[in-house]
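Geometric and topological summary
Here are the chains, one letter per residue:
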Amino acid sequence: MADAIKVESLVKRFNGFTAVNRISFSVKRGELFGLLGPNGAGKTTTINMLSTLIRPTSGKAYIDGFDISKNKNEVRNSIGMVFQEPALDGKLTGRENLYFHAMIYGLKKEERVARINEVLRLVELEDKGNFLVEKYSGGMKRRLEIARGLIHKPRVLFLDEPTLGLDTQTRRHIWDYIKRLNRDSGVTVILTTHYMEEADFLCDRIAIIDHGKIVALDTPKKLKDVLGGDVVRLEIDGGKSEKLAKKLKELKWVRTIRTYNGFVAVTTSHGEKRIPELIELGQQMKLKIKSVNLRKPSLEDVFLHFTGRVIREQEGSPIDMYKAVMRARGR
Ligand SMILES: Nc1ncnc2c1ncn2[C@@H]1O[C@H](COP(=O)(O)OP(=O)(O)O)[C@@H](O)[C@H]1O
Ligand SMILES: [Mg+2]
């Protein structure tokens, strides 16, 4: 049987700017697969090509065995799509939104109501179906969009930033729905996110994408294992982090070193044993160590390791982020 998704050297250029740069990957049937990367990495562009919304500049991709360039209709029937930017009609009820979608997808009249009930139940909105969508909370809207994406029983579900702009608690609920959905109905899920914890919690495998390229692809565990057991991070006063990093490069037990925003992060096994040594070294070098922190590697560290940058850096100030989210939410 064909892979649920197969991507071969896909490229998208916009007026000479390369947004997606020869990416290749496959997603197995029933897999929950994530594209993780900062804003502007090319995630939405990739999803839009795979769902036939935009044409690739070059390369090939297959959904459920169907060629995205040659078998558009078959591809469209195989997939459900939840966009980064919400696309619900607030003046209609939840059920009405689903009903129109069911009609567009050609579900037979007698099937429609049963299927609407089924998908509403799946996202626990059966008692809210007759409310106007404009009265829904952000989390309820997201769940309704997921329900809508499932109405025609797609074999592959695309979720573009499924929890963008939602509060932490709502985000966790949405994660539970996505996980349950994938497990219970066997639908293959490909999602994009710039939230590391989201990718870590949800995905069987993750492709880390940066500047239109895949820089690493594996299970969350294996990606983190690359870095060794522990991350020790020191915060150095007065812009001296580079100086310490240079010295640390000489030490055998240091596996990787990264510096950013006044921090030095080293990965190593048995980090707890190395802390006294690091502090002593700092003192010898007359550096002021503001903080020391030991933890297991996160996907943030993995991203930093492969790109030399932190994902969060891309997001700008909280105000900028808030504005971006509100823009994306159409408010
Ligand atoms: N229609 C377009 N025309 C020109 N540039 C675009 C267009 N769509 C996206 N881009 C650019 O391509 C890059 C990737 O965008 P996108 O795929 O939306 O990233 P992501 O979803 O990872 O945040 C960005 O630099 C963006 O500005
Ligand atoms: Mg996007």
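Predicted model only: the values in this text are computed from it and were never measured. (Residues numbered from 1 in each chain as written. Chains lettered and ligands numbered in written order. Predicted model: local features only at pLDDT ≥ 70, side-chain atom pairs only at ≥ 80, totals over all residues.)

Attention shifts here to the overall build of the protein chain. The secondary structure content of the protein chain amounts to twelve helices and 14 strands. Considered along the principal axes of its C-alpha atoms, the protein chain spans approximately 80 × 40 × 40 Å. When contacts within the protein chain are restricted to residue pairs at least 6 apart in sequence, those whose partners lie at least 24 apart make up 69%. (Helix = DSSP H or I, 4+ residues; strand = E, 2+ residues; numbered from the N terminus. Contact = placed C-beta atoms within 7 Å.)

What follows is about the packing of helix H3 (residues 94-104) against helix H4 (residues 109-122). Where H3 meets H4, the axes come as close as 10 Å, and the angle between the chain directions of the two elements is 125 degrees. Regarding the angle of H3 to H4, the classification is oblique. Judged by the sense of rotation from one axis to the other, the crossing of H3 with H4 is right-handed. Residues Arg-95, Leu-98, Tyr-99 and Ala-102 of H3 touch H4, and the partners they reach there are Arg-112, Arg-115, Ile-116 and Val-119. For the contact of H3 with H4, the residue count by class is five nonpolar, no polar and three charged. (Axes fitted to C-alpha atoms, helices over the stretch in contact; angles between N-to-C directions. Parallel < 35°, antiparallel > 145°, perpendicular 65-115°, else oblique. Left-handed = near helix turned anticlockwise from the far one by under 90°. Nonpolar A, V, L, I, M, F, W, Y, C, P; charged D, E, K, R; others polar.)

The subject of this paragraph is the site of ligand 1. Phe-14, Phe-17, Ala-19, Gly-37, Asn-39, Gly-40, Ala-41, Gly-42, Lys-43, Thr-44 and Thr-45 make up every residue found near ligand 1. Listed by contribution, the elements that provide at least two residues to the shell around ligand 1 are strand S2 (17-27) and helix H1 (43-50). (Near = placed C-beta within 6 Å.)

To continue, consider the pairing of strand S13 (residues 263-268). Of all six residues in S13, five are buried; the element is thus mostly enclosed. Of the strand pairs in this sheet, strand S12 (residues 256-260) and S13 are connected by five bridges, and their pairing is antiparallel. Its bridge partner being in S13, Thr-256 is matched across the sheet by Thr-267. In textbook terms, the turn of a hairpin is the stretch between consecutive antiparallel strands, and for S12 and S13 this stretch comprises two residues, one of which, Asn-261, has a positive phi near 45 degrees. (Buried ≥ 20, exposed ≤ 12 C-beta atoms within 10 Å, placed from the backbone. Pairing = 2+ DSSP bridges.)

You can read the domains of the protein chain as domain 1 (5-223) and domain 2 (228-296). Taking only C-alpha atoms into account, the centre of domain 1 sits 40 Å from that of domain 2. (Domains from an automatic or database assignment.)

A sheet is described by the order of its strands in space; here four strands give the open sequence S2-S1-S4-S5, paired in antiparallel fashion. The sheet is open, and its two edges are formed by S2 and strand S5 (66-67), each paired on a single side. One ladder, built from eight bridges, connects strand S1 (residues 5-14) with S2; its direction is antiparallel. Paired with Val-11 across the bridge in S2 is Asn-21. Each of S1, S2 and strand S4 (58-63) touches H1; the most contacted strand, S1, lies at about 115 degrees to it.

A few words now on unusual backbone geometry. With a phi close to 50 degrees, Lys-153 is a non-glycine residue in the positive phi region. Relative to the elements of secondary structure, Lys-153 occurs in the loop between helix H5 (138-149) and strand S7 (156-160). The backbone of His-211 shows a phi angle near 45 degrees, a positive value even though the residue is not glycine. Note on His-211: 15 C-beta atoms within 10 Å, which makes it partly exposed.

On to the sheet that holds strand S10 (residues 213-218), then. Strand order in the open sheet formed by six strands is S6-S7-S8-S3-S9-S10, with mixed pairing between adjacent strands. Two strands bound the open sheet, and with one partner strand each, they are strand S6 (79-82) and S10. On average, adjacent strands in this sheet sit at an angle of 15 degrees to one another, irrespective of strand direction. Of the strand pairs in this sheet, strand S9 (residues 205-210) and S10 are connected by five bridges, and their pairing is antiparallel. Residue Ile-206 lies in a different strand from S10, and its bridge partner there is Asp-218. Against the sheet, H5 engages S6 and S7, with an angle of about 165 degrees to S6.

We now examine the environment of Thr-18. Looking at the element boundaries, Thr-18 is found in strand S2. Taking the C-alpha atoms as reference points, Thr-18 and Gly-239, 221 residues apart in sequence, are found 35 Å from one another. For Thr-18, the residues in contact, after removing those within four places along its chain, are Val-11, Arg-13 and Gly-212.

So, on to the packing of H5 against helix H6 (residues 168-185). Contact geometry of H5 with H6 gives a least axis separation of 10 Å together with a crossing angle of 20 degrees. Overall, the two elements H5 and H6 adopt an arrangement that is roughly parallel. As for how H5 packs across H6, the hand of that crossing is right-handed. The segment H5 lies against H6, with Gly-138, Gly-139, Arg-142, Arg-143 and Ile-146 engaging Thr-170, His-173, Ile-174 and Tyr-177. Residue composition of the contact of H5 with H6, grouped by class: three nonpolar, four polar and two charged.

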